[in-house]
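Listed here are the chains, written in short residue letters.
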Amino acid sequence: MSHPSAPGRIVVLTGAGISKESGLDTFRDQGGLWAQMRVEDVASIEGYRRDPDLVQHFYNTRRRELGTGRVEPNPAHLALARLEREWPGEVLVVTQNVDDLHERAGSVNLIHMHGELLKVRCERCDRPLPWREDVTRASLCPDCGRAGTLRPHIVWFGEVPFEMDRIIAALERCALFVSIGTSGHVYPAAGFVAAVRQAGRAHAVELNLEPSRGASLFHEVRTGPASETVPAFVAGLLAGL
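All residue numbers refer to position in the chain's written sequence, counted from 1. Local features in a predicted model are, by the rule used here, given only for residues with pLDDT of at least 70; side-chain atom pairs are given and counted only at 80 or more, and totals for whole chains, interfaces and linings are based on all residues. Side-chain numbers here rest on the full set of heavy atoms in the structure, without hydrogens or water.

Focus: the packing of helix α7 (residues 164-173) against helix α8 (residues 192-199)
And then number 1: Angles here are taken between N-to-C directions and fall from 0 to 180 degrees, while the axes themselves are lines fitted to C-alpha atoms, restricted in helices to the stretch in contact. Per the convention used, a helix needs a DSSP run of H or I reaching at least four residues, while a strand needs a run of E reaching at least two, with both numbered from the N terminus. Here α7 crosses α8 at 45°, and the two axes come no closer than 8 Å. Between α7 and α8, the crossing angle belongs to the class labelled oblique. As α7 runs across α8, the sense of the crossing is right-handed. Facing α7, whose interface residues are M164, I167, L171 and E172, α8 presents F192, V196 and A199. Every angle not falling under 35 degrees, over 145, or within 65 to 115 is termed oblique; those three ranges are roughly parallel, roughly antiparallel and roughly perpendicular. The sense of a crossing depends on the near helix, which, turned anticlockwise from the far helix by less than a right angle, makes the crossing left-handed and, turned clockwise, makes it right-handed. Two residues qualify as a contact provided that any one of their heavy atoms is within 4.5 Å of a heavy atom in the partner residue.

Considering the sheet that holds strand β4 (residues 115-122)
The strands that make up a sheet pair up through hydrogen bonds in the backbone, lying either parallel or antiparallel.
And then number 1: With antiparallel pairing, three strands are arranged side by side in an open sheet as β5-β4-β6. Either end of the sheet is taken by a strand with one partner, and the two such strands are β5 (128-130) and β6 (150-154). With direction set aside, neighbouring strand axes in the sheet form an average angle of 50°.
And then number 2: Paired strands, as defined in this entry, are two strands with at least two bridges between them according to DSSP. Examined bridge by bridge, β4 and β6 share four bridges and lie antiparallel to one another.

Structural notes on the sheet that holds strand β7 (residues 176-180)
And then number 1: With parallel pairing, the six strands of this open sheet are ordered in space as β3-β2-β1-β7-β8-β9. Each edge of the open sheet carries a strand with a single partner, namely β3 (110-112) and β9 (220-223). On average, adjacent strands in this sheet sit at an angle of 15° to one another, irrespective of strand direction.
And then number 2: As judged from the three bridges shared by strand β2 (residues 91-95) and β3, these two strands associate in the parallel manner. Bridge pairing links V93 to L110 in β3.
And then number 3: Relative to β7, α8 is tilted by about 165°, and along the sheet it contacts β1 (10-14), β2, β7 and β8 (203-208).
And then number 4: This element, helix α9 (residues 226-239), spans β1, β7, β8 and β9 of the sheet and lies at about 165° to β7.

Details of the environment of R213
And then number 1: Within the element layout of this structure, R213 appears in the loop between β8 and β9.
And then number 2: Sequence-wise, R213 and G184 are 29 residues apart; in three dimensions their C-alpha atoms are separated by 5.1 Å.
And then number 3: Excluding residues that lie within four positions of it along the chain, R213 makes contacts with S183, G184 and H185.
And then number 4: Polar contact is defined as a pair of N or O atoms within 3.5 Å, subject to the rule that within protein one atom must be able to donate a hydrogen and the other to accept it, and that residues adjacent in sequence are counted only when both atoms are side-chain atoms. At 3.1 Å, the side chain of R213 forms a polar contact with the side chain of H185.

Here's the deal with the nonpolar core
And then number 1: Take the buried Ala, Val, Leu, Ile, Met, Phe, Trp, Tyr and Cys residues and link them wherever side-chain atoms come within 4.5 Å; each set so joined is a nonpolar core. Remark: exposure states derive from per-residue accessible area (1.4 Å probe, protein chains only) relative to the maximum for the residue type, with buried under 20%, exposed over 50%, and partly exposed in between. Of all hydrophobic cores here, the largest spans 22 residues; its most connected members are I10, L83, I180 and V230.
And then number 2: Beyond its immediate sequence surroundings of up to four residues, I10 is in contact with L83, W87, E90, V91, L92, L176 and L237.

Some details on the pattern of salt bridges
And then number 1: Should a side-chain nitrogen of Lys or Arg be within 4 Å of a carboxyl oxygen of Asp or Glu, the pair is scored as a salt bridge. Tallying each qualifying case throughout the model produces 18 salt bridges.
And then number 2: The salt bridge partner of D41 is R38, with a shortest N-O separation of 3.0 Å.
And then number 3: Exposure remark for D41: the relative accessible area of 17% places this residue in the buried category.
And then number 4: Residue classification places R38 among the partly exposed residues on the basis of a relative accessible area of 49%.
And then number 5: Between R104 and E72 there is a salt bridge; the shortest N-O distance is 3.4 Å.

Notes on the side chain of S22
And then number 1: Checked against the element boundaries, S22 lands in the loop between α1 (16-20) and α2 (39-42).
And then number 2: A distance of 3.0 Å separates a polar atom in the side chain of S22 from a polar atom in the side chain of N74.
And then number 3: Those residues in contact with S22 that sit more than four places away from it in its chain are R70, V71, E72, P73, N74, H77 and L101.

Topic: the pairing of β8
And then number 1: By the criterion of burial, β8 is predominantly enclosed, with six of the six residues buried.
And then number 2: On β8, burial covers both faces: H203, V205 and L207 on one face and A204, E206 and N208 on the other are all buried.
And then number 3: For the handedness criterion, the β-α-β arrangement of β7, α8 and β8 is classed as right-handed. A right-handed crossover is one whose linking path, passing over the helix from the first strand to the second, runs clockwise when the strands point away from the viewer.

Let's talk about helix α5 (residues 75-86)
And then number 1: Every helix has an expected span of 1.5 Å times one less than the residues it contains. Taking 1.5 Å per residue as the helical rise, α5 with its 12 residues ought to reach 16 Å, and the 16 Å between its terminal C-alpha atoms agrees with that figure.
And then number 2: When we look at burial in α5, the residues that qualify are A76, H77, A79, L80, A81, L83 and E84.
And then number 3: Where α5 is buried, its residues contact β1, α1, β2, α6 (101-105), β7 and α9.
And then number 4: Residue N74 occupies the N-cap position of α5, its side-chain oxygen lying 2.8 Å from the main-chain nitrogen of A76.

Structure (structure tokens):
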């Protein structure tokens, strides 16, 4: 199957590998921020109930990291924003990342399936709210005014990712599926390529530093840094219009 011609729909899945090149720790980095914590302590509702101060401190630290000026979108983020601007059909970016680098690069049609670091959610109101400051037990929900109800707007282990119905519908009707910087370990995202292959309509491409666990399911695998492979891939697609 060849690459889609305009205006074929494109779905792009991005993972930690694309953010790593902007200087953010990935989930499995040895010695990184995540490696200093047990996953069950900072990425589960049980861990949050057990020690909310620890969990808030962990995400406060990550939120501050985004605002240091040290972390900026890299050429891969910028290339995906260019693709959305210039491709005649729909381009949807589905990201597992909780940073705001896609937005800063200019992507608009975007789903954060695992949540957003720059939002919190009130457990009483159940509504996500933009948030850039630290969160403590004294932080008040802007809507209901209660203290101690704000949790990170992050999908923790055992919770259902956001907008799955919209994602599955997009995968079923796309002409091209591109997976960038993902390990193939974390479900349901790791199963997206299988869903695409089952639908039988799309060409599936993996762009990764090294082949993922599910690389054999893709029609095409290109390896190398995302900041190099993604701009080259996007340029090739647009040159074919």
